[in-house]
Amino acid sequence: MATIADTVGSLRVEPHSYPSAVSYNPAFQMVTNGRLRWFEPKKWEVELHVEAETQGRRDVLFDVDRAWYAINLDDDFTALLGRVHPYDVSHHHSRYRAWGLLASRQSQDRGLLLGSGMRATSLSPDPTLMGWLGFHTRWGKLDNWGLSFSATPFFIPSLGPEIVFSDNAPAYWGRFARRVPERVRIEGQEYPVTLRVDRSQIWSDVILQPQAMGQAWWRYTKKFKGWFTASRAPSPDASFPTDSYLKINENGVTAYALVHPKFFPRWEGTLTHEFDITDRFTLWTSLLAASDQSHGGEAGVRLGPATFSLLHEWRPDAASDDYRDLLGQLDVRQELFTDFELYAGLKRHFRQNDLWARFALRLALAKETKLDIGTDIFHGSDRSYFGEWRANDRLFAALQWELGS
């Protein structure tokens, strides 16, 4: 049975203030973020995640991020049943780097407010890689070499800010949602468009898509480790084929677009290396190639309190606002005094000329209580990844209580 020492979690209350008004989104928003994890080492684990806005139209997320039971047949072979991500099974370098190249191509929840939520061990935005509900096996030693295989008949696509379409009212977009065109061209004429989502084939087109991933890892030396993965899974980025048509009524002509969400499957191979030169100096590289003709790479370095990476993905259908388009990321965390820490982050697309910058302070009020105060700044054009949110600059505070031990 689990004991109090096997229960950990956190509860965060985050007031956000937005200087710029964004249509129906309030200038002040209160966000609550809760995580609770029950576990017995090497036997089972359950982790809940709840995130909700409390003002105006509300984005609400409730998810069982992890829920698995391990069957240890011997010292070298383990089977896991339940929901866990394959990167967790192999202790892959990318499992804690959800904004990195490989993890960003996995189905994941980026959080309601662009990953504003943070775990107790992280000072930067910390979205969660969503687990695979299925069967996982691991053979070998995590600290030496091993093989793993994961499979599931289900695909759970990324969740994000609320988007609501209605025939009788304008569409509603969460503050950090990605907008779709509000006008459509039919027979050479442009019309305001009413969007309808075709849910008739959600199960066959989205949910019931099998996924599988095989992994191998090895250690060249005590400080030099590598991973190789081969997987078949749907793309986390949805495609939205539409059928457009006109409808004539007493109020004139209305344009309708019927949207069919699809997540097209692809094969993918990746290779990652991590080199711990010293306790404060680490290098890593990742390469990938996929059956949809996309390929990419990432290189990064951690030097003391600073971490920097540069990633890029080449795709035949790459959009001008693609997340993995020559992106540089910098994170810095530095303890200034006892119980007083500075942290900052910068994400910039060099070809899109946009950025997301975060500056904040963390104060430890007590052993289990922390206070964060900071700001997020967005910049760029309409056609850039972060520029679409340039009206979402915000000031935030977050009071976090850690639970358990």
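Preceding this section is the structure that the text describes.
Asks: Sorry if this is basic, but what is going on with the nonpolar core here?
Replies: Buried together is how nonpolar side chains tend to be arranged in soluble globular proteins. Counting 19 residues, the largest nonpolar core has Phe386 and Trp389 as the members making the most contacts within it. Looking at this core, the element that brings in the most residues is helix H2 (residues 101–104), giving three residues. Formed by five residues, the second largest nonpolar core is a distinct cluster that contains Trp68, Ala70, Val84 and Val89.

Asks: Just checking my understanding: could you explain the pairing of strand S9 (residues 145–152) for this structure?
Replies: Taken residue by residue, a regular strand's side chains alternate between the two faces of the sheet. The alternating pattern of S9 places Gly146, Ser148, Ser150 and Thr152 on a buried face and Trp145, Leu147, Phe149 and Ala151 on a face that is not buried. In the sheet, strand S8 (residues 132–141) pairs with S9 via seven bridges, with the strands oriented antiparallel. Bridge assignment links Trp139 to a residue of S9, and that residue is Leu147. Linking S8 back to S9 in an antiparallel pair, the connection comprises three residues. Alignment of S9 against strand S14 (residues 211–221), held across eight bridges, turns out to be antiparallel. By the bridge assignment for S14, Ala151 is matched with Ala212.

Asks: Looking at this structure, how should I read a nonpolar patch on the surface?
Replies: A contiguous nonpolar patch, built from Phe308, Leu310, Leu330, Val332, Leu346 and Phe350 and spanning about 460 Å² of accessible area, is present on the exposed surface. When contributions to the nonpolar patch are tallied by element, the ones reaching two or more residues are strand S21 (306–314) and strand S22 (327–337). Note on placement: Leu346 falls in strand S23 (residues 340–349). Of the residues examined, Leu346 reaches a relative accessible area of 33% and is grouped as partly exposed.

Asks: What is the right way to read the environment of Pro157 from this model?
Replies: Among the structural elements, Pro157 can be located in the loop between S9 and strand S10 (163–164). Under the relative-accessibility criterion, Pro157 is labelled buried at 16%. Along the primary structure Pro157 and Ala238 are separated by 81 residues, whereas in three dimensions their C-alpha atoms are 8.4 Å apart. Once you skip the residues sitting within four places of it in the chain, Pro157 turns out to touch Ser107, Met130, Val206, Ile207 and Phe263.

Conventions adopted
Residues numbered from 1 in each chain as written. Predicted model: local features only at pLDDT ≥ 70, side-chain atom pairs only at ≥ 80, totals over all residues. Heavy atoms only, no water. Core = buried A, V, L, I, M, F, W, Y, C linked by side-chain atoms within 4.5 Å. Buried < 20%, exposed > 50% of the residue type's maximum accessible area, 1.4 Å probe, protein only. Helix = DSSP H or I, 4+ residues; strand = E, 2+ residues; numbered from the N terminus. Pairing = 2+ DSSP bridges. Patch = residues over 30% accessible without salt bridge, like charges linked within 9 Å, V, L, I, M, F, W, Y side chains within 5 Å. Areas by Shrake-Rupley, 256 points an atom, 1.4 Å probe, with all protein chains shown as cover. Salt bridge = Lys/Arg side-chain N within 4 Å of Asp/Glu carboxyl O. Contact = heavy atoms within 4.5 Å.

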